[in-house]
Amino acid sequence: MAYKQHFIEWFSGQGLPSYWGTTTNCSATYSMADEVDGGLKVSTTGTSNNRNFYLHFNDKRQFSHTGSVAIFVIKPRLYRDDTTNWFAEVGIGQGKEGGKGHRFYAHSGSSYPNIQLSTYQSSSTFVDTGEPEGYKWYSVKIENKSSSCEMSLYGTLRATATSGLQTDSGMQPQVYCNRGTSGSLGSEAMECSFRYMECYNT
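This structure is a prediction, so every number in the text was calculated from the model and none was measured.

Novice: How should the sheet that holds strand 9 (residues 114-120) be read in this particular structure?
Specialist: Two orientations exist for strands paired in a sheet by backbone hydrogen bonds: parallel and antiparallel. Strand order in this open sheet of 7 strands is 2-5-14-7-8-9-10, and the pairing throughout is antiparallel. One side of each edge strand has no neighbouring strand; the edge strands of this open sheet are strand 2 (21-24) and strand 10 (124-132). Between one strand axis and the next, the sheet turns by 15° as a mean value, whatever way the strands run. Here 5 bridges tie strand 8 (residues 101-107) to strand 9, and the two strands are oriented antiparallel to one another. Counterpart to R103 in the pairing with strand 9 is S118.

Novice: What is the right way to look at the nonpolar core in this model?
Specialist: The tendency in soluble globular proteins is for nonpolar side chains to be buried side by side. One finds L40, F53, F72, F104, V140, F194 and M197 to be the most contacted residues of the largest nonpolar core, which totals 44 residues. With 4 residues, strand 15 (residues 191-201) is the largest single contributor of residues to this core. For F72, the residues in contact, after removing those within four places along its chain, are V90, G91, F104, Y138, S139, V140, I142, Y196 and M197. V69, I71, V73 and W137 belong to the second largest nonpolar core, which has 5 residues in total.

Novice: Would you explain the pattern of salt bridges in this entry?
Specialist: Where charged atoms of side chains with opposite charge meet at close range, the side chains can pair. A complete count under the given rule lists 9 salt bridges for this structure. E150 is paired through a salt bridge with K145; the nearest N and O atoms lie 3.2 Å apart. Among the charged side chains, a salt-bridge network with shared partners connects E131, K136 and R158.

Novice: Looking at this structure, how should I read the environment of T160?
Specialist: Along the polypeptide, T160 turns up in strand 13 (residues 156-161). Remark: the alpha-carbon pair of T160 and D128, spanning 32 residues in sequence, is separated by 9.2 Å. Apart from residues no more than four positions distant in its own chain, T160 is found in contact with L117, V127, S148, C149 and E150.

Novice: I tried to follow the environment of T23 on my own but got confused; where do I start?
Specialist: By the secondary structure assignment, T23 is in strand 2. For T23, a relative accessible area of 21% gives the class partly exposed. Between the C-alpha atoms of T23 and T156, which are 133 residues apart in sequence, the distance is 32 Å.

Novice: For this particular structure, what's the right way to read the packing of aromatic side chains?
Specialist: Applying the stated criterion across every chain yields a total of 19 aromatic pairs. For the pair F87 and Y105, a centre-to-centre distance of 6.4 Å together with 25° between the ring planes defines the contact as stacked. Of the two residues, F87 is situated in strand 7 (residues 87-93) and Y105 in strand 8; the sequence distance between them amounts to 18 residues. Residue Y105 is classed as buried on the basis of its relative accessible area, which comes to 7%. A network of ring pairs unites the aromatic residues F7, F11, Y19, W20, F57 and F194 as a single cluster. Sitting over the face of the ring of Y135, K75 holds its NZ or CZ atom 4.5 Å from the ring centroid. The ring of Y135 has R77 sitting right over it, with the charged end atom 4.3 Å from the ring centre.

Criteria and cut-off values
Residue positions are given per chain, counted from 1 along the sequence in the order it is written. The predicted nature of this model means local features are confined to residues of pLDDT at least 70 and side-chain atom pairs, given and counted, to a pLDDT of 80 or more, with totals for whole chains, interfaces and linings taken over all residues. Here the side-chain values reflect all heavy atoms present in the structure, with hydrogen atoms and water set aside. What makes two strands pair is DSSP finding at least two bridges between them. Starting at the N terminus, helices and strands are each numbered in turn, a helix being any DSSP run of H or I of at least four residues and a strand any DSSP run of E of at least two. For helices, the fitted axis covers only the stretch in contact; all axes are lines through C-alpha atoms, and the angles between them, taken along N-to-C directions, range from 0 to 180 degrees. Buried Ala, Val, Leu, Ile, Met, Phe, Trp, Tyr and Cys residues that are joined via side-chain atoms within 4.5 Å together make up what is termed a nonpolar core. Exposed residues in this analysis have more than 50% of their type's maximum accessible area, buried residues have under 20%, and partly exposed residues fall in between, with area computed by a 1.4 Å probe over protein chains only. Contacts are assigned to residue pairs with any non-hydrogen atoms lying within 4.5 Å of each other. Take a side-chain nitrogen of Lys or Arg and a carboxyl oxygen of Asp or Glu: if they are within 4 Å of each other, that pair is a salt bridge. In summary, the pairing rule links any two rings of Phe, Tyr or Trp, Trp by its six-membered ring, whose centres are within 6.5 Å, and it sorts them by plane angle into stacked for under 30 degrees, edge-to-face for over 60 and tilted for everything else. Lysine and arginine charges are scored as sitting over a ring when NZ or CZ, respectively, is within 6 Å of the ring centre and within 35 degrees of the ring normal.

By themselves these figures say nothing about function.
Pasting the structure below:
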């Protein structure tokens, strides 16, 4: 049964394994980085507003919305001082392209100087972690429980949400990154790097 599955991805080797689904409106590149820390690096292409990319499991929803864990190590690049509406949402939820779910949320807007826990069923709830957003590696754990969702950073609990929780059954890994308007940035790409992801039911 799918609910017994335990998934681990190290983002190594020659390319992204075929069980991952990708969606993009800009021919984004998905490649293993030959550099220090390595992992998967995903980048937008083109300079138009709202270029974006997604990673998902092609709607194979193997994980419980009331008893599961997602652990991941990521490094989003948002250029927050020069851009508008650049964001990275990474976590676990129902859809292939955002929508319902529970996610790590980094945003370039001045209203979100810190990393947020975002939960969404029919409307969004944001819980501030107090951790400043920056171009660095984040170690994240999201734990879904029967009446709450918790997010830890670097092994320390930083946010708990009790509203906006997904109530529809079934979750899959979710990544949604958007390159909004460039501001003074010109043609720089929106990037997000991944070193590890693990999902399992509790």
